[in-house]
Number of protein chains: 4
Amino acid sequence: MLIVMEAGARPEQIEAVVRHIEKMGLKAHPIPGAQRTAIGVTGRQGAKDPGIVENFPGVKEVIQVSHSYKLVSREAKPDDSVISVGGVDVGGRGIVVVGGPCAVESYDQTRTIAEAIKRAGGQLFRGGAYKPRTSPYSFQGLGEQGLEILARVREEFDLPIVTEAIDEESLNLVDQYADCIQIGARNMQNFSLLKRAGKARKPVLLKRGMSATLEELLLSAEYIMSEGNYNVIFCERGVRTFSDHTRNTVDLSIVPAIKRISHLPILVDPSHGTGKRNKVLPMSRASIAVGADGVLVEVHHKPEEALSDGPQAILPSTFADLVQQVDAIAGVLGRSIVPTLSRA
Amino acid sequence: MLIVMEAGARPEQIEAVVRHIEKMGLKAHPIPGAQRTAIGVTGRQGAKDPGIVENFPGVKEVIQVSHSYKLVSREAKPDDSVISVGGVDVGGRGIVVVGGPCAVESYDQTRTIAEAIKRAGGQLFRGGAYKPRTSPYSFQGLGEQGLEILARVREEFDLPIVTEAIDEESLNLVDQYADCIQIGARNMQNFSLLKRAGKARKPVLLKRGMSATLEELLLSAEYIMSEGNYNVIFCERGVRTFSDHTRNTVDLSIVPAIKRISHLPILVDPSHGTGKRNKVLPMSRASIAVGADGVLVEVHHKPEEALSDGPQAILPSTFADLVQQVDAIAGVLGRSIVPTLSRA
Amino acid sequence: MLIVMEAGARPEQIEAVVRHIEKMGLKAHPIPGAQRTAIGVTGRQGAKDPGIVENFPGVKEVIQVSHSYKLVSREAKPDDSVISVGGVDVGGRGIVVVGGPCAVESYDQTRTIAEAIKRAGGQLFRGGAYKPRTSPYSFQGLGEQGLEILARVREEFDLPIVTEAIDEESLNLVDQYADCIQIGARNMQNFSLLKRAGKARKPVLLKRGMSATLEELLLSAEYIMSEGNYNVIFCERGVRTFSDHTRNTVDLSIVPAIKRISHLPILVDPSHGTGKRNKVLPMSRASIAVGADGVLVEVHHKPEEALSDGPQAILPSTFADLVQQVDAIAGVLGRSIVPTLSRA
Amino acid sequence: MLIVMEAGARPEQIEAVVRHIEKMGLKAHPIPGAQRTAIGVTGRQGAKDPGIVENFPGVKEVIQVSHSYKLVSREAKPDDSVISVGGVDVGGRGIVVVGGPCAVESYDQTRTIAEAIKRAGGQLFRGGAYKPRTSPYSFQGLGEQGLEILARVREEFDLPIVTEAIDEESLNLVDQYADCIQIGARNMQNFSLLKRAGKARKPVLLKRGMSATLEELLLSAEYIMSEGNYNVIFCERGVRTFSDHTRNTVDLSIVPAIKRISHLPILVDPSHGTGKRNKVLPMSRASIAVGADGVLVEVHHKPEEALSDGPQAILPSTFADLVQQVDAIAGVLGRSIVPTLSRA
């Protein structure tokens, strides 16, 4: 922490701040400058917040410096983490493409799409059994029946499953049926759910909240890791801004920012990120080009009949193009698509 | 819904859109214009999303018009709702001032602050037993022990209690111990929690999410009401923007916007809204001036020792000034502070 | 400036940073901490940006601390500035209400509205002769003819004039005809125009840019003052956010923030700030309640015929209510409406 | 325009709206729905804004539908525009890489960097002679002397020049000395400057404003084109959001959005977009991958001595890598770097 005093701060005001900091068991380092004094604060911060000195007379500003994340950081683990999702590696030199419908609607729908995903070279299958919907009157997902459909389709196509959990009850079931537990953007700071996910056996795909900073995203992963589950995969899915030509604004620069600070892998979801079918393919290419470990996209064979988010789902044929283009872009970075599982 | 066709759209493209809309059981109304044709869509929308036509050839844009909220709306109930929190009316002509610490830290701390709140004329007491904290390593609240302290203090001072629930387990306990269940900003779209709150017996104080639109806030209240709990109080607590001189940007214009659309009351929380002690009093005055039904503020007698959010807590003496100033502002609008409960 | 080193930074990396800082003529103060070292930097920064060390090996983060504004600051002038606009004081204990149409459309329109403003107790008249419009095909204002109409109306009603300048040419004319030169939000960082305004004889009303931080707003005023014109009045007019129930999001907390740092007065424009006629009156009350020195509102007697921004203009009768309510709110803060000029 | 009536709107209220619309010379098309009536409005809108009906009794909402841009649109010109900047084509199948220092500081500095740009395969040279700086006390550029240096360097290396104009005076000089006139983000809505640029002989590089919507950006280009200069190149340079890990948030999805609506080319500036040297290379790759026609980056051989924006400038060696990687990514899209000019 750095405390900046006002230009006219009196010596006794500076001393009062120093005394208060030291009473908290921290160390204060006054730095007299040409115009004003700044006070550096070091030591391990306890339960009390030293930021309170902002209200002391003569104090101009208090600037937070240190970060609370530890386990997510490269300072804790310098090398890239590679996380296995049902046998498919996420992170490292490979690239993964996760495809599937927004929501599981029926066995036939799910099977048809899964077949297309597999044929095109997608390595993981996504589909929601529990859907967090803005309106209580929208389709909320098939629940456990949806999970059963997903599990059945996995067996048929050797496609590990990523699916969302929205509360403790659904998380328990997802942990049991699926290969990766998705925590959605709206639950990124549902700390009870994060702690529960930290006790799950399966890896967690953690989506960035709609207005989450990089630091908050890292700390939400820290919640999961601090409970013992070290298999966390980040996912950028667009943030909310004034910009209105897409549903959200995809913030691709978070990919190299995460890579610099953390050892965990990161995917991008251009379907929710843009909300527009015609932007999914170009933004998928850009995601791989910027250094993401893969993309997560919505695919539907009859988007005009989809029960949710039809306008952003791409067709199976576009998905096949996407896999090829993404692989070609990966090649420029010396990476390539992770091979799909075979049905040995 | 309104579908806007491109200037050069061909008649058969327009027809294809019309046919698709009608196949969904809706009615299409083409409106030929000077430059382009628009197609109005009416009828009750079913499970399928007609927005899919955005991807049809010749379609320029699809504009959503109708809203999904019903019970929160003045179209459902034209008159203002007045909601009783432990005997104190929220909404109507009265103004409420809710004060208390960010977190319940001990019986002594809680009692000291409650006494000051009561003496100054505050009518409701707030204090967190469950704290959603960004970092897993920060103080997370005393849990049920905190609720017991709150209940004990309520008896001593006749101050009904507002406190936050963060998951199903804590909600059950809050419903039992407190007079009003707070759903925090981070959980505004935790739909499982909202549904559970819809089955609680106590009124719900629903805080606006950090990047929630007016419509999303209304729909979150609709989740609670659609489960049978009609006692919802909104709370504006600042939204996240680029603006960095306060922690969040308080969006006071949502107060008249809510009042126009909904019959439910709305409070403002300038403590979290600004994150700065010296902004709480002026923003409280502004909140009442714009038409809010009350304010919710953090008070601590020793903010430098607070376990959370000390820098934004005001002192009991400032709280006493706040009650008086807020009452004077209310007078200009023909309103006044609701009298506190007496210990009859 | 504060430089935060990585936890594992080696001594020679720290030394390299220190050496570089000192080569720039600045002083480096290493502060060894439990986990990592921070380096405070003091001294007057020259032309070169020391922020470059962010790219040095072992550096985690560089945090800017000092501010570049001087003349706008209370450190330069502790007391509130009171600025005379054609004889009407802005700042100090009084409150001003500035009213008028978005655009000057004709002598009759302007005269009718000015008469209503004067009768209701408004002290200053606003109206655009030069209109910065998003589209080149929208009405762009009457230009110098508009200024002549404004000057004529001023004589008839003793209402000093505030009107916008959009480039050097119009600024020269506005400086000649009007009593206060408005710099609009879109030109807040048109530095050439700011420098020109710094050489004008008349006070300047500087509107906050749509995405300007507090610091940027202060520095834009500094541009004007550094050229010799010390009569600057700030104006909050809403910032651009994701929030869509109003045209912009009025950030009222900037009022106490400005008051704390700067001696210059600040007004609020709730008409552009909300873009909704029905929000102007409540937001005007809130502006005065939070501590603003006045409000600037759009008034039109026939808003349905206005050539620009009709939907946000209030009627003369609402304006009369506004003056009364604003005066009553001011009373709570021990302030009152500045008396209007009389036609002695 | 679409007018949505309230559910309980009475027939005479609907009629009043219809009459008002028709009095304005427009045509009203009432569409009765299950719950409420909507009224479509067609016809060429004149000077008066029909949005005013928002304040009529019984009206719930007014939704704008039509756009004001014409010349920038693919409806006006379906094929991609290819714009020659000093003989280098921007747009079409080629990709351009524009490099150079933030500011021209001296002939030697400029020459050294230009040589590196040319050697690495960059086709255009950038460098500011007029710098819009947030603080009046920062280095403001060398002015005409800087333009002379740029012109001299162009002759030596056959590198056409892109440089910023900040007001009418500098625009006249830039038009004379340079090959492309840059309008910076802060001036995107300086409409007087846009009109002046519309009369210039050279192409214009128009940067997106910090909080500009797609529509506003298009309309700013429309300002230039409506004055007769059809050679406009867009440039995305990041928008301002709450996200704080980069200086701005680069909104890459605007590239396919622009391509869909407009025939004009678009570049991306990842240097200003991120403000971080280590993000420039990955974001350059992403820009080409998403479909941009080129990138604009800051290069400095001694960034630690740069007079402005040193922390975001890349080294000449990184620039050489960038050109190669960008070319490889372009290859995946069937595009390639436009060959540099030779000194024939």
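Residues numbered from 1 in each chain as written. Chains lettered and ligands numbered in written order. Predicted model: local features only at pLDDT ≥ 70, side-chain atom pairs only at ≥ 80, totals over all residues. Heavy atoms only, no water.

Draft legend 1. Examining the packing of aromatic side chains more closely. Applying the stated criterion across every chain yields a total of four aromatic pairs over all chains. When the ring of Phe 191 of chain A is compared with that of Tyr 223 of chain A, the centres are 4.6 Å apart and the planes differ by 20°; the resulting orientation is stacked. Residue Phe 191 of chain A is found in helix H5 (residues 191-197), and its partner Tyr 223 of chain A is found in helix H6 (residues 214-225); the two are separated by 32 residues along the sequence. Judged by its relative accessible area of 6%, Phe 191 of chain A is buried. Looking at Tyr 223 of chain A, the relative accessible area reads 1%, which means it is buried. Directly above the aromatic system of Tyr 107 of chain C lies the positively charged group of Arg 152 of chain C, at a separation of 3.6 Å from the ring centroid. (Phe/Tyr/Trp six-rings, centres within 6.5 Å; stacked < 30°, edge-to-face > 60°. Helix = DSSP H or I, 4+ residues; strand = E, 2+ residues; numbered from the N terminus. Buried < 20%, exposed > 50% of the residue type's maximum accessible area, 1.4 Å probe, protein only. Lys NZ or Arg CZ within 6 Å of the ring centre and 35° of its normal.)

Draft legend 2. Structural view of the pattern of salt bridges. Residues and elements named next belong to chain A. In this structure the tally under the stated criterion is 68 salt bridges over all chains. For Lys 199, the salt bridge goes to Glu 227, with nearest N and O atoms at 3.5 Å. Placement of the pair is Lys 199 in the loop between H5 and strand S11 (204-207) and Glu 227 in the loop between H6 and strand S12 (232-236), with a sequence separation of 28 residues. The class for Lys 199 is exposed, based on a relative accessible area of 57%. Overall, Glu 227 belongs to the partly exposed group, its relative accessible area being 30%. Three or more residues joined by partner-sharing salt bridges are found here, namely Arg 111, Glu 115 and Glu 156. (Salt bridge = Lys/Arg side-chain N within 4 Å of Asp/Glu carboxyl O.)

Draft legend 3. Fine view of the interface of chain D and chain C. Across the contact, 47 residues belong to chain D and 47 residues belong to chain C. Buried area between chain D and chain C, both sides added, is near 4,100 Å², and the carbon and sulfur share of it is 52%. For the pair chain D and chain C, the number of links is four salt bridges. The residue Lys 276 of chain C makes a salt bridge to Glu 54 of chain D at a minimum N-O spacing of 3.2 Å. Elements with a minimum of two residues in the side of chain D that touches chain C: helix H5 (191-197) and helix H6 (214-225) of chain D. Ranked by residues supplied to the side of chain D that touches chain C, first place goes to H6 of chain D with four residues. Of the residues belonging to the side of chain D that touches chain C, the class tally is 17 nonpolar, 15 polar and 15 charged. (Contact = heavy atoms within 4.5 Å. Buried area = accessible area lost by both parts, 1.4 Å probe. Nonpolar A, V, L, I, M, F, W, Y, C, P; charged D, E, K, R; others polar.)

Draft legend 4. Here's a closer look at the sheet that holds strand S4 (residues 59-63) of chain D. All names here are of chain D. Spatial ordering of the open sheet is given by S2-S3-S1-S4, a layout of four strands whose pairing is antiparallel. Both outer strands of the open sheet, strand S2 (27-32) and S4, are each paired with one neighbouring strand and no more. Averaged over all adjacent pairs, the angle separating strand axes in this sheet is 20°, with direction ignored. Note that strand S1 (residues 2-5) and S4 share four bridges and pair antiparallel. Directly across from Met 5, in S4, lies its bridge partner Val 59. (Pairing = 2+ DSSP bridges. Axes fitted to C-alpha atoms, helices over the stretch in contact; angles between N-to-C directions.)

Draft legend 5. A look at the relation of the copies chain D and chain C. Once chain D is rotated about the relating axis by 180° and shifted along it by 0.0 Å, it coincides with chain C to within an RMSD of 0.0 Å. With respect to symmetry, the two chain copies, as superposed, fit the operation of a two-fold axis. Nearest to the rotation axis, the C-alpha of Ser 211 of chain D is located 3.1 Å from it, this being the minimum over chain D. The fraction of interface residues of chain D whose copies in chain C are also interface residues reaches 100%, indicating that both copies meet through the same surface. (Least-squares fit on C-alpha atoms with pLDDT ≥ 70 in both.)

Draft legend 6. Spotlight on the relation of the copies chain D and chain A. Between chain D and chain A, which share one sequence, the superposing operator has a rotation angle of 180° and an axial displacement of 0.0 Å; the RMSD is 0.0 Å. A share of 97% of the interface residues of chain D reappears at the interface of chain A, consistent with the copies meeting face to face through the same patch.

Draft legend 7. Local environment of the pairing of strand S3 (residues 37-42) of chain C. Residue and element names in this part refer to chain C. In terms of burial, S3 is a largely internal element, six of the six residues being buried. Burial along S3 is two-sided: Thr 37, Ile 39 and Val 41 facing one way and Ala 38, Gly 40 and Thr 42 facing the other are all buried. Of the pairings in the sheet, the one linking strand S2 (residues 27-32) to S3 comprises six bridges and is antiparallel in character. The residue bridging Ile 31 from the neighbouring strand is Ala 38, located in S3.

Draft legend 8. View of the interface of chain D and chain A. Taken together, the 38 residues of chain D in the interface contact 37 residues of chain A. Contact between chain D and chain A buries roughly 2,800 Å² in total, counting both sides, with carbon and sulfur atoms accounting for 71%. Contact with chain A buries surface across chain D, with Phe 242, His 245 and Val 332 of chain D losing the most and accounting together for 21% of the total. On inspection of chain D and its partner chain A, the count reaches zero salt bridges. Where chain D meets chain A, there are eight residue pairs in polar contact (both at pLDDT 80 or more). Among the elements that make up the side of chain D that touches chain A, the one with the highest residue count is helix H9 (residues 277-290) of chain D (eight residues). (Polar contact = N/O pair within 3.5 Å; in protein donor to acceptor, adjacent residues only side chain to side chain.)

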